[in-house]
Amino acid sequence: MASKPGILTNWPWKPLGDFKFVILTPWIAHSMYTLIWTKCDPMYYLVLPFILIRMLHNQIWISVSRYQTAKGKGRIVDKGIEFEQVDRETNWDDQILLTALLFYITYMTFPMASNLPWWRTDGVILTAILHAGPVEFLYYWLHRALHHHYLYSRYHSHHHSSIVTEPITSVAHPFAEMLAYFALFLIPIFTTLFMKKSSLAAVYGYIFYIDFMNNMGHCNFEFFPKKLLSFFPLFKYLSYTPSFHSLHHTKFRTNYSLFMPIYDYIYGTVDTSTDTMYEKCLKRPKESPDVVHLTHLTSFDSIYQLRLGFSSLASNPQTSKWYLHLMWPFTMFSMLITWICGRAIVIESNTFNDLKLHCWLIPRYQTQYFAKEHSKTLNNLIENAIMEAELNGAKVVSLGLFNQKLLNTHCELYIGRFPELKINVVDGSSLVAAIVLNNIPKGTNKVLLRGKFNKVVFAIANALCTKNIKVGVLYKDEFEELEKRVIKSKENLYISPINTPKIWLVGDEWDEDEQMEAPEGSLFIPFSHFPPNYMRESCFYHYTPSMITPNTFMNSHSCENWLPRRVMSAWRIAGIIHALEGWNVDEYGETILDTKKVWEATIRHGFQPLKIYAHKPCVTN
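Residue positions are given per chain, counted from 1 along the sequence in the order it is written. Predicted model: local features are reported for residues with pLDDT of at least 70 only, side-chain atom pairs are reported and counted for 80 or more only, and whole-chain, interface and lining totals are derived from all residues. Values reported for side chains reflect all heavy atoms of the structure, with hydrogen atoms and water molecules removed beforehand.

Peer 1: Quick question: what am I supposed to make of the overall build of the chain here?
Peer 2: Counting its regular elements, the chain contains 24 helices and 15 strands. With respect to the three principal axes, the spread of C-alpha positions in the chain is 95 × 55 × 50 Å. The 621 residues of the chain split such that 57% are buried. The contact rule is simple, with two residues in contact once any of their heavy atoms fall within 4.5 Å. Residue pairs in contact within the chain that sit at least 24 positions apart in sequence constitute 71% of those at least 6 positions apart. Summing over all exposed atoms, the chain offers an accessible surface of approximately 27700 Å²; the carbon and sulfur share of this is 63%. Across the chain, 58 positive and 53 negative side-chain charges occur, with their mean positions spaced 5 Å apart. In this text, helices come from DSSP runs of H or I with a minimum length of four residues, and strands from runs of E with a minimum of two, each type numbered from the N-terminal end. A simple rule labels every residue: compare its accessible area, found with a 1.4 Å probe on the protein chains alone, to the largest value its type can have, and call it buried under 20%, exposed over 50%, or partly exposed in between. Computed with a 1.4 Å probe, the accessible areas rest on the Shrake-Rupley method; for each residue, only the protein chains presented here act as cover. Within this scheme the basic residues Lys and Arg register as positive and the acidic residues Asp and Glu register as negative, but His and the chain ends are omitted. Lys charges are placed at NZ, Arg charges at CZ, Asp charges at CG and Glu charges at CD.

Structure below.
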């Protein structure tokens, strides 16, 4: 939002939210009817497919830009993006909706807009001339006017709130400002229409050109080929580059041009550092992380909720959206791509203190981790990712979700195959146990353990028994297994009635129906990655082991699975703390560190306990 919002700031269909595209329903229905039952007019029935193509085109730019900036190669601005910017730019498709409305209205209003030929050379050339002349010239002066304090505070400051630009930043404008831009872009379209020189290629091609240049210029990485400028030096006057426009967002009073910098050169507003910035960004190498966190996909829709996917979904806890069911062809295609992909993918980069942090995605789904036929492939993917992390200079690799469970299962084989690796592998179990222990309310005298037992459970049970807190289980075989692993105060272990304890520690593979027999007001504290699928109205549920990140944790603008904003899972935090403390020890297999020492280090570095309890069901698959 601008600092002093002016009139027509909000888009008129904003109250409709995700259903704003319903306003096109009459035209879409009519275009489909004419396509089937009457003489076809491509200008009319191509509007809907063109909308979808434009959205796909923009999304490709978004994903590529975020992937490249995560790797760091060619990155222009090092500052991070925050949730506020993501929220401000989630309406990037409003301009696509506005374009579609104008196309339909123009077709219905002006007879010359119907039955256009597919191609007219003179019309295409005229469109290019009108853009390079009137459109670029008028935009330059409109843009300078928008930087006057009156218009800037009411409109253009909304766009400039994004210092670090993304492709969708290009269309993050108030409604009134976008109307002014559309008035300029309509000059070539209406001129060629009235002169009867227009064509489908001129109209749709011009809009595609605007989208392409807008997206390209707002990427936060430089990739424009230097050879092109060497062979054709005049090209720098005809096309801007991402670093050229980025300087406008960082310095505000230079590089005003739309897509063609010629007018900045004519009127002397080219930033003096333009050429050096371009050279510097091109030479910037891929980033070397200090800590790498390995995660993987969960549900089939989770690919859209990655940082490389839909920004509006990635910036909120994972939920199921109705429109994702309509995208099953893209979902199937993305699944095919992930199965073909044979290495981990960089999906996010952050900085904390002096550390550079990466999150890498193992391109496999949760279901594949349960299939024996995928076990060997998954092991190779994880092992190759660990080796690649070391080659890139990483000190620590942390394991999230089923990556740590798979590696722990084959830890002896891993140790034997790679004894020379210096990188520390951390599964986060110690911090998970520490968080669960510190989430148990003070004054608690007994708890109930439910779920599959692992080293986290045994660490928690040992710590609780040492504090003289009774640890109950429901079944005799669980009691016997726990008794073997508890070192001290075994007398605090007991077989408990299901309806007695009000503090439940729950993990994987527990029968969630059992919670119906828990006393009202019971507190469920998960020690596994996944929260319960079902939650009782009369009970309380803590989030899966996680903590709030410090304010100095930069570039945090996506949520981790079902966790709230700026909340990070214990498994990911553990690797960061490991690197900050310089602990030269692995943590996987049966190894577990001093939970008290790990907790104190985590608090000392600014991570805060999560005191909020979840009452609503969490969708995990």
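So, next bit.
Peer 1: Explanation requested: empty space enclosed by the protein in the structure shown.
Peer 2: Empty space left among the atoms is revealed by rolling a probe the size of a water molecule over them. Two kinds of site are reported from a 1 Å grid over the protein atoms alone, namely cavities, where a 1.4 Å probe fits but cannot get out, and pockets, open sets with protein on both sides within 12 Å along at least five of seven lines, and residues are called lining when an atom falls within 4 Å of a point. Grid points are joined across faces, edges and corners, and a volume is the space filled by probe spheres set on the points. Scanning the model with the defined rule gives seven cavities of 30 Å³ or more in all. In this structure, the largest cavity encloses a volume near 490 Å³. Around the largest cavity, the lining is made up of 37 residues, and of these Thr295, Cys559, Glu560, Asn561 and Arg572 lie nearest the centre. Secondary structure elements with two or more residues in the lining of the largest cavity: strand S1 (291-296), strand S2 (345-352), strand S3 (355-362), strand S13 (567-569) and helix H23 (570-581). Think of it as three bins: nonpolar holds Ala, Val, Leu, Ile, Met, Phe, Trp, Tyr, Cys and Pro, charged holds Asp, Glu, Lys and Arg, and polar takes everything else, Gly as well. Tallied by class, residues from the lining of the largest cavity come to 15 nonpolar, 16 polar and six charged. What the second largest cavity holds in volume is close to 340 Å³. Along the walls of the second largest cavity sit 29 residues, with Met178, Tyr181, Phe185, Ile210 and Asn214 positioned nearest its centre. Contributions of two or more residues to the lining of the second largest cavity are made by helix H5 (94-109), helix H6 (121-146), helix H7 (149-160), helix H8 (175-194), helix H9 (200-217) and helix H12 (242-251). Looking at the lining of the second largest cavity residue by residue, the class counts come to 15 nonpolar, 12 polar and two charged.

Peer 1: Help me out: how do you make sense of the sheet that holds strand S12 (residues 546-548) in this one?
Peer 2: Paired through their backbone hydrogen bonds, the strands of a sheet run either parallel or antiparallel. Ordered by their spatial adjacency, three strands build an open sheet running S13-S12-S14, and the pairing between neighbours is antiparallel. The open sheet is flanked by S13 and strand S14 (608-609), the only strands paired with a single partner. Two strands pair when backbone bridges link them, and S12 and S14 are joined in this way by two bridges, in the antiparallel orientation. When the bridges of S14 are listed, methionine 547 appears paired with proline 609. To get an axis, fit a line to the C-alpha atoms, keeping to the stretch in contact for a helix; angles then go from 0 to 180 degrees between the N-to-C directions. The sheet strands contacting H23 are S12 and S13, and the helix crosses S13 at an angle near 85 degrees. Strands are labelled as partners when DSSP assigns at least two bridges between them.

Peer 1: Help me understand the environment of serine 546 in this model?
Peer 2: The topology assignment puts serine 546 in strand S12. Put simply, serine 546 and glycine 80 are 466 residues apart on the chain and 22 Å apart in space, counted from C-alpha to C-alpha. Residues contacting serine 546, with those up to four places away along its chain left out, are Ile435, Leu563, Val567, Met568, Ser569, Ala570 and Leu610. A 3.5 Å cut-off defines polar contacts: any pair of N or O atoms within that distance qualifies, except that in protein one atom must be a possible hydrogen donor and the other a possible acceptor, and neighbouring residues in sequence count only when both atoms are side-chain atoms. Side-chain polar atoms of serine 546 contact the backbone oxygen of threonine 544, separated by 2.8 Å.

Peer 1: Quick question: what am I supposed to make of the sheet that holds S3 here?
Peer 2: Overall, mixed pairing links the five strands, which are arranged S2-S3-S1-S4-S5 in an open sheet. Since the sheet does not close on itself, it has two edges, and those belong to S2 and strand S5 (424-426), each with one partner. Going across the sheet, the axis of each strand differs from the next one's by a mean of 20 degrees, ignoring polarity. Across seven bridges, the pairing between S2 and S3 is antiparallel. Paired with threonine 351 across the two strands is lysine 356, which belongs to S3. Across the face of the sheet, H23 comes into contact with S1, S2, S3, strand S4 (396-399) and S5 while running at roughly 160 degrees to S4.

Peer 1: Sorry if this is basic, but what is going on with H12 here?
Peer 2: For the α-helix, the turn length of 3.6 residues means that residues three or four positions removed from each other point alike. In terms of burial, H12 is largely enclosed, as eight of its 10 residues are buried. For H12, every residue scored as buried is listed here: Pro242, Ser243, Phe244, His245, Ser246, Leu247, His248 and His249. On its buried face, H12 sits against H6, H7, H9, helix H13 (262-267) and helix H14 (274-283). In the segment just after H12, phenylalanine 252 is the residue with positive phi, at about 70 degrees.

Peer 1: Just checking my understanding: could you explain the pattern of salt bridges for this structure?
Peer 2: Any Lys or Arg side-chain nitrogen located within 4 Å of an Asp or Glu carboxyl oxygen qualifies as a salt bridge. Applying the stated criterion across every chain yields a total of 23 salt bridges. The partner of glutamate 82 in a salt bridge is arginine 566, and the shortest N-O contact between them spans 3.6 Å. Of this pair, glutamate 82 sits in the loop between helix H3 (47-71) and helix H4 (83-88) while arginine 566 sits in the loop between S12 and S13, and the two are 484 residues apart along the sequence. Accessibility expressed as a relative area gives 29% for glutamate 82, which makes it partly exposed. A salt bridge links arginine 450 to glutamate 478; its shortest N-O distance comes to 2.8 Å. One end of the pair, arginine 450, is in strand S6 (residues 446-450); the other, glutamate 478, is in helix H22 (residues 476-485), and 28 residues separate them in sequence. Classification of arginine 450 as buried rests on a relative accessible area of 5%. Taken together, the salt bridges that share partners define one network made up of Arg75, Asp78, Arg284 and Glu287.

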